[in-house]
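Listed here are the chains, written in short residue letters.
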Amino acid sequence: MIPELGHFALMLALGLALIQGTMPIVGTRTSDPVLMSIAAPAAIAQFVFVAMAFIALAVCYVTSDFSVLNVYENSNSQMPLIYRLTSIWGNHEGSMMLWIAILAFFGALVAAFGNNLPVVLKANALAVQAWIAAAFQLFILATSNPFVRIPDAPFEGRDLTPVLQDPGLAFHPPMLYLGYVGFSIAFSFAIAALIEGRIDAAWARWVRPWALLAWMCLTLGIAGGSYWAYYELGWGGFWFWDPVENASLMPWLAGTALLHSAVVMEKRGALKVWTILLAILTFSLSLIGTFLVRSGVLTSVHAFATDPTRGIFILGILIVFIGGALSLYAWRAPLLKQGGLFAPISREGALVFNNLFLTTACATVFVGTLYPLALEALTGDKISVGPPFFNATFGPLFIPLMAVMPFGPLMGWKRGDLVGAAQRLLAAMVLAGLAVVAASAIERGGPVLAPFGVGIAVFVMAGAVTDIAERTLVLRVPFRTALRRALGLPRSAWGTAFAHFGMGVTLLGIIGVTAWGSERIAEIKPGDHLDIAHYRFTFDGMFNRDGPNYHDAVGRFTVHRMNGELIGNMEPSRRTFPSRNMAITQAALMSRGVSQLYLSLGDPNKDGTVPVRLYFKPQVLMIWLGAAFMFVGGALSLSDRRLRIGAPRPAKAKPNPTLQAAE
Amino acid sequence: MTRKQRRFTLIGCGLAVLAVAVALMLNAFRDSIVFFNSPSDVAEKHVEPGTRIRLGGLVKDGSLVRGNDLSIRFDVTDGKTEIPVAYRGVLPDLFREGQGVVAEGALDGGGVFNADTILAKHDETYMPKEVADALKKSGHWKDDYAQRAAMPVGGSK
């Protein structure tokens, strides 16, 4: 009964989405306020029905209703509740349900909280949002229905893929989707503005909080996925340049560019046409990401075999939305008015620089990710484009961006003072120079350029601190005055500083772990010891441990510092899932400050020896710590009074009592 | 600065950065692209020793030999041709005899493929797409694989 209710709710949601997608547009064309006002309640009702469908699926999972094919294939009654819940989106059908649930959620948020929006813009934007929703709801109903029943219900489910039985699954896909799908709001607003043919600085102010929220979630989603892959896959890589990772990085790069260009548009009225294009591109890249993951056209660690009709369906959605949006853009964008002037050396100039490099870097990732597909379609040759390509293209484009980043916030609008900014950054530059010297002195081996990378990372961090120091005049005025100034700073200024600082932290982590990380692979037997960096690992032996739906063969290791001081134990394991008859590696991690020791086991040999991989990962935690800083920066900026209150509205003309009296 | 000049500067800078990016990409494409080959492709195309390729097929049943110090040898087959592969390290969790595998490395002079990477896959029922295509081409595709591959497994990392 419950799956049928869910299925029915989904169909009703589709019906509502179709109404929401057409009536308001007719309303804006005929200036009919009643039709326009349908949009908001329809969006909320559509969300209610999508939520009902999602909850129905969740109930099937929680109660282990194996008469539902999707539950049978991906769940198991022995699994802990948390994994029975997360396995909802650990498969194709369920993850698409999550996708549309988040899409409808964002639509409902705009409908509920967009009271200060102009009526026409709101009606058009919600209508565009409904087209996207309708397309994906149709996709689910036609090709990926999660509510299909099995005639003879089995007693036990096939279990969730072991690699996905991890808390990471509870966090990473929902965050990533909040990011992907959150950019649909910016897209819908952009299309609405193009339909209306009118756009002003206030548009940027309405769109920015949504883009910012999506960006924050995407940042955490990518970082969470990276950390998950790092500890789960057993060899300690934090980024693989895997097509599906690239698919999430591309909207992040375009979305970061969008956030920055929207600032220019909001403050100075410039870059309108470009900002609209970025809003379209960012969500288009999210759609392409969905296509890459869901269609199975690319081989990746995320790929799963799917039936080709799904790929073609999503490709159709892709062509209609991206092609349609870009055509509309080409047709309507010339109508939009140009904005204010600025000198190349200015805050605007710096933000244009940022946009130029971010979008170009995004383009290189795009080419590297899709080139194998294009080549196979054209010549039949199968190739792989791996990390060397991205390191050789993305890296050189990102480094100048980082080096220029601290200058941006110190520049004035319209016309900036490069020499003045450089003078104020003198302390940061000196610090960066010292960091280069220190890194070359302390760390031996590793790439020659790595200390300079450290220098740039330190410069970025120190630059963010300089920005705040300059604004609060700390060290120059009495401390209490500086504190008062700090509290009085707009939150968005703090947001910028936090996010930029976080970028530096992440960069430092990436450089540290790639340049000076070390690795040992060996076969050992109980009593043996292995040395890495300044730590000694002694293998005490193997023992068994049972979990709810798995067995662990655990290796126990004692860790000492080289001077003999005991640090603790590490217990990596081989985890066997009887329901799927497969074993996976559970690595053991030990944090030492921001560095980590990483230990994983291979399949034990018959003679009792065990292959182990041992890694020393210097500064690795900074990679994800930086992302946390970026998230906090986004949150601070989001809580800025300016965005909370919204754009000022012209006062409504009050009826004049004296005139009425004279009537 | 007039609007026209500003536009020229912007477009100029944009083109310059784009040119640099294109140069970087072309350069990287020359050095870092790896072609995928099945064992039959390797035999037919006479892949030069030392050229980095990806070799994909099935791990031949009974061919896995573990040597000292983590060295491993096994044969990759597509039903027609077999190529011996040598690897040193810890094999991925889902490496099995009879299962699909993708190895990256280069042939040595003696016809042995020295792999430095063996690709891990998420799921036991998952067949790498290239391997599936290669098997279909050599006529050794069994419906069993297709059936298993059609099951929606895997995830949304």
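Remember, predicted model here, so these are calculated numbers, not experimental data.

The subject of this paragraph is the overall build of chain B. If you tally the helices and strands in chain B, you get four helices and seven strands. Of the regular secondary structure in chain B, the N- to C-terminal order runs α-β-α-β-β-β-β-β-β-α-α. The proportion of buried residues among the 157 residues of chain B is 37%. Restricting to contacts in chain B with at least 6 residues of sequence separation, those with at least 24 account for 55%.

Each helix and strand counted, chain A has 22 helices and eleven strands in total. Against the globule reference of 26 Å for 663 residues, chain A gives a C-alpha radius of gyration of 27 Å, in line with a compact fold. Expressed along its principal axes, the backbone C-alpha trace of chain A runs to roughly 105 × 75 × 55 Å. Considering chain A as a whole, with its 663 residues, one finds that 52% of them fall into the buried category. For chain A, long-range pairs separated by at least 24 residues make up 75% of all intrachain contacts whose partners lie at least 6 apart in sequence.

It is worth spelling out the nonpolar core at this point. Within the largest apolar cluster, 184 residues are counted, with the highest numbers of intra-cluster contacts made by A:I100, A:A186, A:F189 and A:A211. In this structure, A:F189 is in contact with A:A125, A:W203, A:W206, A:V207 and A:A279, ignoring residues within four places of it in sequence.

So, about unusual backbone geometry. Residue and element names in this part refer to chain A. Even without being a glycine, S31 presents a positive backbone phi close to 50 degrees. As for its placement among the helices and strands, S31 is situated in the loop between α1 (2-30) and α2 (33-36). A residue is classified by how many C-beta atoms lie within 10 Å of it, and S31, with 9 of them, is exposed. A positive phi angle is found at Q619, which is not glycine, with a value near 60 degrees. Looking at the element boundaries, Q619 is found in the loop between β11 (610-617) and α20 (621-638). A tally of 24 C-beta atoms within 10 Å means that Q619 is categorised as buried.

All names here are of chain A. Spatially, four strands are ordered β2-β11-β10-β9 in an open sheet, and the strand pairing comes out antiparallel. Of all the strands in the sheet, just β2 (518-524) and β9 (588-592) have a single pairing partner and so form its edges. Between one strand and the next, the sheet's axes are offset by a mean angle of 15 degrees, whatever the strand orientation. Here β9 runs beside strand β10 (residues 595-601); their pairing, made up of five bridges, is antiparallel. Its bridge partner lying in β10, R592 is registered against S595.

This next bit is on α1(A). Residues that lie three or four places apart on an α-helix share one face, since the helix turns once every 3.6 residues. For α1(A), built from 29 residues, the straight-helix expectation of 42 Å at 1.5 Å per residue is met to within 8% by its first-to-last C-alpha distance of 42 Å. One or two positions beyond α1(A), positive phi appears at A:S31, with a value near 50 degrees.

Moving on: the environment of A:T28. All names here are of chain A. One can find T28 in helix α1. We classify T28 as buried; it has 22 C-beta atoms within 10 Å. The contacts of T28, once residues within four sequence positions are left out, are M36, V120, A123 and N124.

What follows deals with helix α3 (residues 39-62) of chain A. Spanning 24 residues, α3(A) covers 34 Å between terminal C-alpha atoms, matching the ideal 34 Å at 1.5 Å per step. A:S64 lies just past α3(A) and shows a positive phi near 50 degrees.

Looking at the assigned domains, one finds that chain A contains domain 1 (2-384), domain 2 (425-517) and domain 3 (518-617). Each of domain 1 of chain A and domain 2 of chain A has a C-alpha centre, and the two are 34 Å apart.

This next bit is on the pairing of strand β4 (residues 71-77) of chain B. All names here are of chain B. Bridge count between strand β2 (residues 53-59) and β4: two bridges; the pairing is antiparallel. Following the sheet pairing, L58 is matched in β4 by T77. Where strand β3 (residues 65-66) lies against β4, two bridges are found, and the strand directions are antiparallel. The partner of V65 across the bridge, within β4, is R73.

Okay, the pairing of strand β5 (residues 551-561) of chain A next. All names here are of chain A. Here eleven bridges tie strand β4 (residues 535-546) to β5, and the two strands are oriented antiparallel to one another. For M542, the partnering residue across the bridge sits in β5 and is G555. Hairpin geometry of β4 and β5 is characterised by an intervening segment of four residues between the two adjacent antiparallel strands. As judged from the four bridges shared by β5 and strand β7 (residues 573-577), these two strands associate in the antiparallel manner. Paired with H551 across the bridge in β7 is T576. Of the pairings in the sheet, the one linking β5 to strand β6 (residues 566-570) comprises four bridges and is antiparallel in character. Pairing of H560 across the sheet is with L566, part of β6.

This brings us to the packing of helix α16 (residues 426-442) of chain A against helix α17 (residues 450-472) of chain A. Residues and elements named next belong to chain A. At a minimum axis separation of 8 Å, α16 and α17 run at an interaxial angle of 150 degrees. With respect to α17, the element α16 is oriented roughly antiparallel. Regarding α16 and α17, the two cross each other, and that crossing is right-handed. Counting all contacts with α16, which are made through A427, A428, M429, L431, A432, G433, A435, V436, A439 and S440, the residues of α17 involved are A450, P451, F452, V454, G455, I456, V458, F459, A462, G463 and T466. For the contact of α16 with α17, a count of residues per class yields 16 nonpolar, five polar and no charged.

A separate point is the confidence of the model for chain B. All names here are of chain B. Mean pLDDT over chain B: 77, with 75% of residues reaching 70 or higher. Put simply, helix α4 (residues 143-150) is where chain B has its lowest mean pLDDT, 41, and strand β5 (residues 82-88) is where it has its highest, 91. Note that residues 143-157 has pLDDT below 50 and, in this model, 47 contacts with residues that lie over four places away or in other chains.

Criteria and thresholds
Residues numbered from 1 in each chain as written. Chains lettered and ligands numbered in written order. Predicted model: local features only at pLDDT ≥ 70, side-chain atom pairs only at ≥ 80, totals over all residues. Helix = DSSP H or I, 4+ residues; strand = E, 2+ residues; numbered from the N terminus. Buried ≥ 20, exposed ≤ 12 C-beta atoms within 10 Å, placed from the backbone. Contact = placed C-beta atoms within 7 Å. Rg over C-alpha atoms; globule rule 2.2 N^0.38 Å. Core = buried A, V, L, I, M, F, W, Y, C linked by C-beta atoms within 7 Å. Pairing = 2+ DSSP bridges. Axes fitted to C-alpha atoms, helices over the stretch in contact; angles between N-to-C directions. Expected span 1.5 Å × (residues − 1). Domains from an automatic or database assignment. Parallel < 35°, antiparallel > 145°, perpendicular 65-115°, else oblique. Left-handed = near helix turned anticlockwise from the far one by under 90°. Nonpolar A, V, L, I, M, F, W, Y, C, P; charged D, E, K, R; others polar. pLDDT = per-residue confidence, 0-100.

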